[in-house]
Number of protein chains: 2
Amino acid sequence: MEQRKPRTLSGFMELSPARQVQFDRMVTLLRSAYSLYGFTPLDTPLIEASDVLLAKGGGETEKQIYRFAKGDSDLSLRFDLTVPLAKYVALYYSQLTFPFRRFQIGKVYRGERAQRGRFREFYQADIDIIGDGALDIINEAEIPAIIYKVFTSLGLNRFQIRLNNRKILNGLFDVLGLSEQASDVMRTIDKLDKIGANKVAALLQETCNVPAETALRLINTLLENDPLLALEALRGQNPLLDTGLEELSTVVKYMSAFGVPDTHFRVDLTIARGLDYYTGTVYETVMLDHPKVGSICSGGRYDNLAGYYTDRVLPGVGISIGLTRLFFVLEDQGYLNESLLTAPADVLIIPMTEDLSPSIALATRLREQGVRTQLYCEQKKFKQKLSYADKLGIPFAIFMGEDELAQNVVTLKNLITEKQTSCTEDYALAKIQAYCAQRAEGAPIQDKYRIAGLNI
Amino acid sequence: MEQRKPRTLSGFMELSPARQVQFDRMVTLLRSAYSLYGFTPLDTPLIEASDVLLAKGGGETEKQIYRFAKGDSDLSLRFDLTVPLAKYVALYYSQLTFPFRRFQIGKVYRGERAQRGRFREFYQADIDIIGDGALDIINEAEIPAIIYKVFTSLGLNRFQIRLNNRKILNGLFDVLGLSEQASDVMRTIDKLDKIGANKVAALLQETCNVPAETALRLINTLLENDPLLALEALRGQNPLLDTGLEELSTVVKYMSAFGVPDTHFRVDLTIARGLDYYTGTVYETVMLDHPKVGSICSGGRYDNLAGYYTDRVLPGVGISIGLTRLFFVLEDQGYLNESLLTAPADVLIIPMTEDLSPSIALATRLREQGVRTQLYCEQKKFKQKLSYADKLGIPFAIFMGEDELAQNVVTLKNLITEKQTSCTEDYALAKIQAYCAQRAEGAPIQDKYRIAGLNI
């Protein structure tokens, strides 16, 4: 047979077994955090008919889409989880109950330029709450609580949720006579974080036709130390601005009731989010010690999820975590908790008798008690058998020989401490269970920069 | 905006929220069963370079492959999880420890003819044990134990694992002078179950050039009541047959030690498995009350996993469950346990006060205790709020009004029994936790045909 060199496509993450365990742990924690907030899991196809998937028009994404023919069908791989959600909600509208709260964790595809830390296949972990005709503002206050819960349960501490309200921005533009160029202004002020106030002021004048004085006033307002207080001074001048201010104040008020500590959120009027369809609260989440990473969890409120599929008005609010990129960053920056148990088993049984039945029976018993057990029966030297467990990080070995059988005991070796004891099966079971329960408790992320009580 | 009718491609399963919960429960149980036996999770890309994925030659599958160009790249969607495993093991050989035990649960793609119960996108749930140069026979005995564990933990009872050994078949063909036409004979006897002995005898004569008497002798041997005993009579005539007999006897002996009851397995010499690459033990698993469904879990021993990628000899043994099809069959045949809690939340809090803070604080507290909680704050009539919980199957509602606040109690309503009580938060918490723990205990499959102590 002619041989091919095995390879994995560039831009496609493929993890080592130990790293995969850590990634999966993150997914498990995300699932349970989302579930606690009453979201139901959804799983939609990775392939959709192109005319359905691209109904909205892909915009910048369209060039990146994996699109192909199969027979007579024009097909595309999903590039996010929002369009499939819009399709799902429009398609099954009559069978769903609203507000519809769903989470979805799945792979999406974008043929981006290959680049370190950029992926063409990556997981998104999304939640959305979809209303039927209306959706109460309280939902916009609950979202940051979920973000907070998610990242703290993963073990991250030094992060901050930044929020704004698009109505405030649009109201402000109105007050300043910038309504016509609102989209361009929005995109420009989104760069404040990256290029600074001076360059943004220049850009506003050059590319958005904003008078110098107006640009300055806008930037100064956006960068106010206490933005809510500063905006109060503008109350009554513009109904949209007033509504936005009302909404943002409500969200901030209830966020505290939802348990988000003051240290972990901040109103930031420069947060605009590029996407046109956001209409109310918008969110970004940054790692305080890695500002260059950008937002690790973003989203916002939109007035209509599925206008390109249905006449029903379906307002919603949602967020998305780019899980693959987040995992890459965490590994790259040394955030992964290396003391988590990533071995494929808690114990390796090494039979030392001709008849394997007693060892097999012990394995069966341990498994019934929830202990992840491997039997090692390959024809190798004893040292090689132990080395197998060592390499995989399996914490315990049990030797089962004629002597042990005769005395109704086992030999248990802790491969970390190298301590070896002769004990009953029950004792071995309890030892292994206690140790593994403790090792399993750790969070997948270890925030090195964590300082107790730090006021960030 | 021009509207598109939303639709999902035919052959792509998309579940309702409640069904998705049941599907996910099955995946969770599979993951934990596989983990108990010391398998590590793996996740490989859905897209591979076509020259890599099709290195082995796709055979019959090749026509069904989703293959397309993106830029200069010739890409294909994976059609199983075995080829990606072969690639993974060959690519990362030096970093892996052998025997390498991995499980993978993921979607694969085959552009089959659209047909009821046939899917183009479907989940496979695979385990494989890969040795480096050699792999002990004990692994072939452990596999049926895993199959047994998996299906019983899902709640299925009336199933049977059928096993055979390819060396026995090939040895038998040798004894009968049929070595030259072995492949054709193998494929023909694989039909015994479907078309019966007479038709297979005729086919063997017509299409495989087998003399009538030999065909009869072969079929009679394969259909012996006690096949192992019958084969003993042939011992010494053919070394391959002897080895196969030895292997099968060992597997059967150790299967019992591994905890597979006699009722749930049977040696069946007619099991051939179409694939050429099996070389030892082969497995099929049938639902006893639905023989037409065919095998729901199949696999076997192979001598070389990745010959088309590497010179290293990597023997292995593995099985695969077609999870999407299995789920379809289970739903279709009424096997899904409808009493499992599939609601997105355990409790719905309905605030009856102007200020939502006390309700929010209660939600936060319940969530901290692991209770999946939703707050209902939409502007609806009281009856509609309750109807929301009813439709979703949420078992409890809590009303939080001024009276409750003043008395430091909550009103807890069990929406199943319609009983309503005024109680402390602690009492409500305990009630909800106890009820949901009980509802969560059930298996996703309810085997209606289960008869206690039945000897199948």
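What comes next concerns the included structure. (Residues numbered from 1 in each chain as written. Chains lettered and ligands numbered in written order. Predicted model: local features only at pLDDT ≥ 70, side-chain atom pairs only at ≥ 80, totals over all residues. Heavy atoms only, no water.)

Take the overall build of chain A next. Along the backbone of chain A there are 15 helices and 16 strands. In terms of overall dimensions, chain A has C-alpha extents of about 90 × 60 × 45 Å along its principal axes. By the burial criterion, 59% of the 456 residues in chain A qualify as buried. Carbon and sulfur atoms make up 47% of the accessible area of chain A, which totals about 19000 Å². (Helix = DSSP H or I, 4+ residues; strand = E, 2+ residues; numbered from the N terminus. Buried < 20%, exposed > 50% of the residue type's maximum accessible area, 1.4 Å probe, protein only. Areas by Shrake-Rupley, 256 points an atom, 1.4 Å probe, with all protein chains shown as cover.)

All names here are of chain A. The strand order across the open sheet built from 8 strands is E1-E5-E6-E11-E10-E9-E7-E8, with neighbouring strands paired in mixed fashion. The strands lining the two open edges of the sheet, one partner per strand, are strand E1 (40–41) and strand E8 (265–267). With 5 bridges joining them, strand E10 (residues 298–302) and strand E11 (residues 316–322) adopt antiparallel strand pairing. Bridge pairing links Arg301 to Val317 in E11. Seen against the sheet, helix H11 (residues 323–332) touches strand E5 (100–109), strand E6 (121–130), strand E9 (278–287) and E11 and runs at an angle of roughly 40° to E11. (Pairing = 2+ DSSP bridges. Contact = heavy atoms within 4.5 Å. Axes fitted to C-alpha atoms, helices over the stretch in contact; angles between N-to-C directions.)

All names here are of chain B. Among the secondary structure elements, Val410 is positioned in strand E15 (residues 410–414). Val410 gets classed as buried once you look at its relative accessible area, which sits at 1%. Separated by 61 residues in the primary sequence, Val410 and Ile349 place their C-alpha atoms 9.9 Å from one another. Not counting the four nearest positions on each side in its chain, Val410 is found in contact with Leu362, Ile398, Phe399, Met400, Glu404, Thr421, Ser422, Cys423, Thr424, Glu425 and Ala428.

Right, let's get into the relation of the copies chain A and chain B. With an RMSD of 0.0 Å, the fit of chain A onto chain B corresponds to turning through 180° and sliding 0.0 Å along the axis. Between the two chains, the operation in question is that of a two-fold axis. Among all C-alpha atoms of chain A, that of Phe68 of chain A lies closest to the rotation axis, at 2.9 Å. In this assembly the copies share their binding face: 100% of the residues contributing to the interface of chain A also contribute to that of chain B. (Least-squares fit on C-alpha atoms with pLDDT ≥ 70 in both.)

A separate point is the pattern of salt bridges. Residue and element names in this part refer to chain A. Inspection of the entire model under this criterion finds 56 salt bridges over all chains. Close ionic contact of Arg118 with Glu112 constitutes a salt bridge, the shortest N to O distance being 3.1 Å. The class of Arg118 is partly exposed, set by a relative accessible area of 42%. Here Asp289 and Arg158 are joined by a salt bridge, their closest N and O atoms 2.8 Å apart. (Salt bridge = Lys/Arg side-chain N within 4 Å of Asp/Glu carboxyl O.)

The subject of this paragraph is the pairing of strand E15 (residues 410–414) of chain A. The two faces of a sheet get side chains in turn, since along a regular strand they alternate between them. All names here are of chain A. Judged by how many residues are buried, E15 sits mostly within the fold: 5 of 5 residues are covered. Where burial is concerned, the two faces of E15 agree: the one with Val410, Leu412 and Asn414 and the one with Thr411 and Lys413 are both buried. Bridge count between strand E14 (residues 396–400) and E15: 4 bridges; the pairing is antiparallel. Looking across to E15, one finds that Ala397 is bridged to Lys413. Of the pairings in the sheet, the one linking E15 to strand E16 (residues 420–423) comprises 4 bridges and is antiparallel in character. Across the sheet, Thr411 pairs through a bridge with Ser422, a residue of E16. Joining the antiparallel neighbours E15 and E16 is a turn of 5 residues, in which Glu418 adopts a positive phi near 70°.

What follows covers the interface of chain A and chain B. Contacts between the two partners involve 99 residues from chain A, matched on the other side by 99 residues from chain B. Taken together, both faces of the contact between chain A and chain B bury some 8300 Å²; the carbon and sulfur share is 57%. At the boundary of chain A and chain B, one finds 14 salt bridges. In this structure, Glu14 of chain B engages Lys87 of chain A in a salt bridge whose closest nitrogen and oxygen atoms are separated by 2.9 Å. Counting every contact that joins chain A to chain B gives 54 residue pairs in polar contact (both at pLDDT 80 or more). (Buried area = accessible area lost by both parts, 1.4 Å probe. Polar contact = N/O pair within 3.5 Å; in protein donor to acceptor, adjacent residues only side chain to side chain.)

The strands that make up a sheet are held in pairs by hydrogen bonds between backbone atoms, and each pair lies either parallel or antiparallel. Residues and elements named next belong to chain B. Overall, mixed pairing links the 8 strands, which are arranged E1-E5-E6-E11-E10-E9-E7-E8 in an open sheet. What marks the edges here is a single partner per strand, and that holds for strand E1 (40–41) and strand E8 (265–267). Bridging between strand E9 (residues 278–287) and strand E10 (residues 298–302) involves 3 bridges; their strand directions are antiparallel. Bridging across to E10, Val282 finds its partner in Gly300. With respect to the sheet, helix H1 (residues 17–36) is in contact with E1, strand E5 (100–109), strand E6 (121–130) and strand E11 (316–322), its orientation differing from that of E5 by roughly 160°. Sheet strands touched by helix H11 (residues 239–257): strand E7 (159–165), E8 and E9. Its angle to E7, the strand with the most contacts, is close to 150°.

It is worth spelling out unusual backbone geometry at this point. For the bond from Phe98 of chain A to Pro99 of chain A, the omega torsion is -5°, close enough to zero to count as cis. Of note, Pro99 of chain A is situated in the loop between helix H3 (82–91) and E5. If you check the backbone angles, Asn408 of chain B has positive phi at about 60° while not being a glycine. Note on placement: Asn408 of chain B falls in the loop between helix H15 (402–407) and E15. Judged by its relative accessible area of 65%, Asn408 of chain B falls in the exposed class.

Okay, the side chain of Thr82 of chain B next. Residues and elements named next belong to chain B. Mapped onto the elements of the fold, Thr82 is located in helix H3 (residues 82–91). Residue classification places Thr82 among the buried positions, given a relative accessible area of 15%. If we ignore the near neighbours within four places in the chain, the residues touching Thr82 are Asp126, Tyr277 and Leu305.

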